[in-house]
Amino acid sequence: MTVESVQPETSVDPVELREPPLAGGAVPVFGHGLQLVRDPLDFMSSLRAHGDIVRLRLGPKTVYAVTTPDLTGALALSPDFKIDGPVWESLEGLLGKEGVATANGPLHRRQRRTMQPAFRMDAIPNYGPIMEEEAHALTERWRPGTPIDCTSESFRVAVRMAARCLLRGDFMDERAERLSTDLATVFRGMYRRMVVPLGPLYKLPFPANREFNRALADLHLLVDEIVAERRASGQKPDDLLTALLEAKDDNGEPIGEQEIHDQVVAIITPGAETIASTIMWLLQALAEHPEHAEKVRAEVESVTGGRPVGFEHVRSLRHTNNVILEAIRLRPAVWILTRRAITDTALGEYRIPAGADIIYSPYAIQRDARSYDRHLDFDPDRWLPERAKEVPKYAMSPFSVGNRKCPSDHFSMAQLSLITAAITAKYRFEPADGSDDSVRVGITLRPENLRLRPLPW
């Protein structure tokens, strides 16, 4: 899926700009934060009924929630807003302030230039053999009829693919397990800090705070291990880590150690978290909708002629890719995002003051009945060319748009296509005892405890 990036037009007379309405249900001290904690997905999905933009109270803060596709597109494309706000502030302990995920302005542009060659369309086929090897290794580990822990399996393949493709590291499963466990703890804690910003309380030695701090420290230790191992090896493979270690700043000097650290964090952790969560939801969808699993299996067999699926087949797997898009639409890993106004500005017909935080939910946007027929149905065929054109612009932007568009969008889709095709060619799935596919909400969405039994066709 591609999204045209255009500069939004503003035709509203500044004199006519209005203040967005305040959403109902705020309580003293916490504002709307308790609603975001108790049922965040339902709360964010309910806001469009109250306006295109509404004001929320999160503790002492006023936050502006954008609820329509056209205004989220305008927000992403306007130079009046930058990456900042509650989500990014909560992520600073993980991502730092010098990585491509959180940087703005000239620093962000320089970092994009460093990273972009690794994700060019002509570079991605070079990763094909590694992606194929890891996708098929995933299926080889499974035993027919033996339940699999979808969380650990999804993280294992996501981490190994990213590490072997972009960092050329031979990282063992133990590191993937560490990353999976640590990220689950860190992202839950960061979500709490975002919606209930009571800073001093999070410094007290409560068990949850100690667990959060331990997991965060281990994540940074893991990154330090990766960088140290590369330096000690003396090797300079043509990969993203070598590019970072040899990158220069705007003065021609090597970039600092903190920036290298933050960049590796930005490569490994958000990518592993979002791809792993998407794999979990794909597994859940294949189990819940066996008719589409069968259609994917038949497509893979037709395209490959019964041979193992490979990178060269990805572009021909049209229904497979539509299944992936529909899983992302209904269960986007990144379900909430924020921006901050740089100056007094307008968004639609509303006035947005300088310094204001803006929040929006891809989950709510992508499930809106105003944008999608049978909006809660799992319907991969809605992404057929003749039907996809009915979807409003910006109602489906899984990799964002504008200068914050994810540079690894094609890389990610290739990963997901190969993994989905490889596992579905070999197995169908049914829930195992104790499986819980309810949604666990943190900074990302993932199933609570998805356990499936792979069965041969």
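Model, not experiment: these values are computed from the prediction.

Let's shift gears to the sheet that holds strand 5 (residues 337–341). Within the open sheet, the 5 strands sit side by side as 1-2-8-5-3. Their pairing is mixed. A single partner strand is all that each edge strand has here, and the edge strands are strand 1 (53–58) and strand 3 (81–83). Averaged over all neighbouring strand pairs, the angle between strand axes comes to 35 degrees, with direction disregarded.

Once that is clear, we can look at the nonpolar core. Counting residues in each nonpolar core, the largest one holds 87 residues, and the members touching the most others are Met-131, Leu-283 and Phe-429. Examining the composition of this core, we find that 15 residues originate from one element, helix 11 (residues 257–288), more than from any other. Ignoring any residue separated from it by four or fewer positions in sequence, one finds Phe-429 in contact with Trp-142, Ile-148, Leu-283, Leu-286, Ala-287, Ile-423, Leu-452, Arg-453 and Pro-454. In this structure, Ala-23, Leu-41, Val-54 and Ala-65 belong to the second largest nonpolar core, which totals 17 residues.

The full count for this structure, using the stated rule, is 6 aromatic pairs. Aromatic side chains Tyr-372 and Trp-383 sit 6.3 Å apart centroid to centroid with 70 degrees between the ring planes, which places their arrangement in the edge-to-face category. One end of the pair, Tyr-372, is in the loop between helix 14 (362–366) and helix 15 (385–388); the other, Trp-383, is in the loop between helix 14 and helix 15, and 11 residues separate them in sequence. Under the relative-accessibility criterion, Tyr-372 is labelled buried at 3%. For the pair Tyr-427 and Phe-429, a centre-to-centre distance of 6.4 Å together with 55 degrees between the ring planes defines the contact as tilted. With respect to class, Tyr-427 is no different from Phe-429; both count as buried. Put simply, the rings of Phe-119, Tyr-127 and Phe-411 touch in pairs and so form one group of aromatic residues. In this structure, Arg-297 is placed above the aromatic ring of Trp-457, and the distance from its NZ or CZ to the ring centre is 5.5 Å. Lying across the ring of Tyr-372, Arg-329 places its NZ or CZ 4.6 Å from the centre.

The pairing of strands in a sheet comes from backbone hydrogen bonds and takes either a parallel or an antiparallel form. Spatial strand order, 4-12-9: 3 strands in an open sheet with antiparallel pairing. Each edge of the open sheet is held by one strand with a lone partner, namely strand 4 (148–149) and strand 9 (427–431). The pairing of strand 9 with strand 12 (residues 451–456) spans 5 bridges and is antiparallel. Within strand 12, the position partnered with Tyr-427 by the bridge is Pro-456.

For the pair helix 7 (residues 150–166) and helix 16 (residues 409–426), the least separation of the axes is 12 Å and the interaxial angle reads 130 degrees. By the angle between their axes, helix 7 is oblique relative to helix 16. Of the two possible hands of crossing, helix 7 and helix 16 adopt the one that is right-handed. Residues Val-157, Ala-158, Met-161, Ala-162, Cys-165 and Leu-166 of helix 7 lie in contact with helix 16, whose contacting residues are Phe-411, Gln-415 and Ile-419. Across the contact of helix 7 with helix 16, the residue classes tally to 8 nonpolar, 1 polar and no charged.

By the secondary structure assignment, Arg-446 is in strand 11 (residues 445–449). Judged by its relative accessible area of 4%, Arg-446 is buried. Distance in space between the C-alpha atoms of Arg-446 and Thr-278 is 7.7 Å, their sequence separation being 168 residues. Leaving out residues up to four positions away in the same chain, Arg-446 has contacts with Thr-151, Phe-155, Ser-180, Leu-183, Ala-184, Glu-273, Ser-277, Met-280, Trp-281, Ser-438, Val-439 and Arg-440. Here Glu-273 takes part through its side chain, which lies 2.9 Å from a polar atom of the side chain of Arg-446.

Turning our attention to the packing of helix 11 against helix 16. One can describe the packing of helix 11 onto helix 16 by two numbers: an axis separation of 11 Å at closest approach and a directional angle of 35 degrees. Note that helix 11 runs across helix 16; the crossing there is right-handed. Here Ile-275, Thr-278, Ile-279, Leu-282, Leu-283 and Leu-286 of helix 11 come into contact with helix 16, specifically with Ser-412, Gln-415, Leu-416, Ile-419, Thr-420, Ile-423 and Thr-424. Residue composition of the contact of helix 11 with helix 16, grouped by class: 8 nonpolar, 5 polar and no charged.

Our next topic: the side chain of Thr-424. When you line up the elements, Thr-424 lands in helix 16. On the basis of relative accessibility, which here comes to 1%, the residue Thr-424 falls in the buried class. Other than its neighbours up to four places away in sequence, Thr-424 contacts Leu-286, Ala-293, Val-296, Arg-297 and Trp-457.

This part takes up the pattern of salt bridges. Per the stated rule, a full pass over the model turns up 31 salt bridges. Taking the shortest distance from any N to any O, the salt bridge between Asp-381 and Lys-295 comes out at 3.8 Å. One end of the pair, Asp-381, is in the loop between helix 14 and helix 15; the other, Lys-295, is in helix 12 (residues 290–304), and 86 residues separate them in sequence. What you see here is one network of salt bridges that share partners, running through Asp-373, Arg-374, Asp-377, Asp-379 and Arg-387.

Cut-off values and rules
- Residues numbered from 1 in each chain as written.
- Predicted model: local features only at pLDDT ≥ 70, side-chain atom pairs only at ≥ 80, totals over all residues.
- Heavy atoms only, no water.
- Pairing = 2+ DSSP bridges.
- Helix = DSSP H or I, 4+ residues; strand = E, 2+ residues; numbered from the N terminus.
- Axes fitted to C-alpha atoms, helices over the stretch in contact; angles between N-to-C directions.
- Core = buried A, V, L, I, M, F, W, Y, C linked by side-chain atoms within 4.5 Å.
- Buried < 20%, exposed > 50% of the residue type's maximum accessible area, 1.4 Å probe, protein only.
- Contact = heavy atoms within 4.5 Å.
- Phe/Tyr/Trp six-rings, centres within 6.5 Å; stacked < 30°, edge-to-face > 60°.
- Lys NZ or Arg CZ within 6 Å of the ring centre and 35° of its normal.
- Parallel < 35°, antiparallel > 145°, perpendicular 65-115°, else oblique.
- Left-handed = near helix turned anticlockwise from the far one by under 90°.
- Nonpolar A, V, L, I, M, F, W, Y, C, P; charged D, E, K, R; others polar.
- Polar contact = N/O pair within 3.5 Å; in protein donor to acceptor, adjacent residues only side chain to side chain.
- Salt bridge = Lys/Arg side-chain N within 4 Å of Asp/Glu carboxyl O.

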